[in-house]
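# Structure at a glance
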Amino acid sequence: MSTNVIAPPAIVSRAQAVDTKAVQALDSAHYIHAFTDHGDLATRGARVMTHAEGIYVWDSEGKKVLDGMSGLWCVNAGYGRKELADAAYQQMMTLPYYNSFFQTTNVPAAKLAAKLASLAPKVGDRSFDHVFYSSSGSESNDTNVRMVRRYWDLLGQPQRKTIIGRVNGYHGSTMAGASLGGMSGMHAQGDLPIPNILHIEQPYYLENALPGESEADFGVRAAGWLEAKILEVGPDKVAAFIGEPVQGAGGVIIPPATYWPEIQRIVDKYGILLISDEVICAFGRLGHWFAYEKLGYKPDLVTFAKGVTSGYVPLGGVMVGNRVAKVLIEQGGEFNHGYTYSGHPVACAVALANLELMERDNLVGRVKDDIGPYLAKQFEKLNAHPLVGHAQTSGFVGGMLLVKNKETGETYDSDLAVGMMCRGHCFSNGLIMRAVGDRMIIAPPLIMTHAQIDEMMALIVKCLDLTLADLRKRGL
Ligand code: PXG
């Protein structure tokens, strides 16, 4: 039987009558948004989203949009899932909050930790029997910095402080998260990175490969930048390397298959810890519960957030591998770190319901064996479009570079903001697709049918055509 046929989600969301102008006025007067130019926003007014069902979102003007980004890479199970609302309601009526600081726990937090441990594949000598909870990916990466440094302190190597990340990596927006990430625009605000965080170049073949270099050779060479940096810093000073399995916010940069195994060889050679930031890539996004399994490496710490609750309530955390957990638990005494909402009972109850639903509907297996390969086949057809330099997917994320010249790979002048032009057409035509520079990216809900993938692809082609027509009109 085809796994493409799944029950439609139980819909609980409903349209509401909304006075768009009134909400925009309140918003503009009082709300400072994430990553937003408010001068610009004030001139156009924020788009007011009101409700959502399945893979579609509606705004206050009644416009229906196919959500090709799962909110912000998180609504893996789709919108309108009554099971998740029920789980939150039941937990709120039972125990809406209690902390886990003073030798206390709660039922959903303990059950979820065990569930996550059972879902995280063992690789080689690594198992993930322990979880530390936060409420977001950023906080989780702050936890990683503290946990990694604590680990080396406990082992009598306090000089191991340096954590190496990558240019154009994204690890969040807190002081440590933004520092671990390699976004120059973020570093430019607030004196970042914080000390002892360094970066190597990203494994982006289209930008960083040598002329004629194969993808496989490039992958090994790009991983070699880590070894060069370790030797430059001094191997005894390096604590950890952090990377996203596939870079998400950086534009869906899919590394060559040779990259991660070579990274593994290097971290093993120097004994440094490996952190896999799977805030986007875990929970089915790449067709596995955790992406390190797909890409062939064995991290010590795994950051998660987003898809663990399908974004319905905030929850994040770190899967702590046995190498680190053993030292922290057996030698560590008290780890002076934690958040008010670590192990929040409502968030954990929703996560449990979400994982149960994902298992019941085989959402992870569908991405691996059915809709993932189908999306790949359809998405790669975009390579025939005159504006597309390179279109590629991994599981249920996809990215393509918009180019001026397909033969040479030359891109348009960045002042033209071709990606934003395309994104504008997408929204006007009922599709949410993100632009990162000249890369257009998708990460749709994992519940899509083949027919919905076809519908999304037709919209993508239409918007690429409209963007090309705009450029041609301007003689470009
Ligand atoms: N790590 C990764 C890999 C992420 O993608 C974070 C950490 C931080 O998570 P929180 O929950 O603190 O936001 C993320 C978040 C974008 C975009 O522009 C991506 C994210 C967040 C906001 C915008 O694609 N990813």
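It should be emphasised that the depicted structure is a prediction, and the values quoted were computed from it without experimental measurement.

Once that is clear, we can look at the domain arrangement of the protein. Once the domains are mapped, the protein shows domain 1 (20-77 + 364-473) and domain 2 (87-360). Domain 1 and domain 2 are separated by 26 Å when their C-alpha centres are compared. Contacts between the two partners involve 27 residues from domain 1 and, on the opposite side, 31 residues from domain 2. Its largest share of buried area at the contact with domain 2, domain 1 owes to Trp73, Val364 and Arg439, together 28% of the area lost on that side. At the junction of domain 1 with domain 2, the criterion picks out zero salt bridges. If you list the elements that add at least two residues to the side of domain 1 that touches domain 2, you get helix 3 (70-73), helix 15 (363-369), strand 11 (388-394), strand 12 (397-402) and strand 15 (439-442). Taken together, the residues that form the side of domain 1 that touches domain 2 break down as 16 nonpolar, nine polar and two charged.

What follows concerns the sheet that holds strand 13 (residues 431-432). Here four strands make up an open sheet; going across it, the order is 1-2-3-13 and the pairing mixed. Each edge of the sheet is formed by a strand with only one pairing partner; in this case those strands are strand 1 (49-53) and strand 13. In this structure, strand 1 lies alongside strand 2 (residues 56-59), joined through four bridges in antiparallel fashion. Residue His51 lies in a different strand from strand 2, and its bridge partner there is Trp58. Of the strands in this sheet, strand 2, strand 3 (64-67) and strand 13 are in contact with helix 18 (residues 450-473), which crosses strand 3 at around 105 degrees.

This part covers the site of the ligand. Close to the ligand lie 16 residues; Trp73, Gly137, Ser138, Asp277 and Arg434 are nearest. Within the side chain of Trp73, an N or O atom sits 2.8 Å from an oxygen atom of the ligand. Lys306 has a polar side-chain atom sitting 3.2 Å from a nitrogen atom of the ligand. Computed on the free molecule, the ligand has an accessible area of 540 Å², of which 83% lies beneath the protein chains in the complex. In terms of residue count, the dominant contributor to the shell around the ligand is helix 6 (residues 137-154) (three residues). Split into classes, the residues belonging to the shell around the ligand amount to six nonpolar, six polar and four charged. Mapped onto the domain boundaries, the shell around the ligand takes at least three residues apiece from domain 1 (20-77 + 364-473) and domain 2 (87-360).

A separate point is the sheet that holds strand 11. The sheet built from four strands is open, its strands ordered 11-12-15-14 with antiparallel pairing. Each edge of the open sheet is held by one strand with a lone partner, namely strand 11 and strand 14 (434-436). The mean angle between the axes of side-by-side strands here comes to 20 degrees, regardless of whether they run parallel or antiparallel. Pairing analysis gives six bridges linking strand 11 to strand 12, with the strands arranged antiparallel. Along strand 12, the bridge assignment pairs Ser394 with Val397.

Parameters at a glance
Chains are numbered independently. Their residues run from 1 in the order of the written sequence. Reporting of local features is limited, given that this is a predicted model, to residues whose pLDDT is at least 70; pairs of side-chain atoms are given and counted only at 80 or more, and all residues count toward the totals for whole chains, interfaces and linings. Side-chain numbers come from the whole structure's heavy atoms, not from hydrogens or water. All domain edges in this entry derive from an automatic or database-based domain assignment. Only heavy atoms matter for contacts: two residues are in contact if any of them lie within 4.5 Å across the pair. Summed over both partners, the accessible area (1.4 Å probe) lost when two parts come together is defined as the buried area. One side-chain nitrogen of Lys or Arg within 4 Å of one carboxyl oxygen of Asp or Glu is enough to make a salt bridge. Here a strand is any run of E in DSSP of at least two residues, a helix any run of H or I of at least four, and the numbering for each starts at the N terminus. Residue type decides the class: Asp, Glu, Lys and Arg count as charged, Ala, Val, Leu, Ile, Met, Phe, Trp, Tyr, Cys and Pro as nonpolar, and the leftover types, Gly among them, as polar. Pairing between two strands is assigned when DSSP locates at least 2 bridges connecting them. For helices, the axis comes from a line fit to the C-alpha atoms of the stretch in contact; other axes are also lines fit to C-alpha atoms, and the angle between any two N-to-C directions lies between 0 and 180 degrees. When at least one non-hydrogen atom of a residue lies within 4 Å of a molecule or strand, that residue is treated as near it. Polar contact is defined as a pair of N or O atoms within 3.5 Å, subject to the rule that within protein one atom must be able to donate a hydrogen and the other to accept it, and that residues adjacent in sequence are counted only when both atoms are side-chain atoms. All accessible-area figures derive from a Shrake-Rupley calculation using a 1.4 Å probe, and residue coverage is judged against the displayed protein chains alone.

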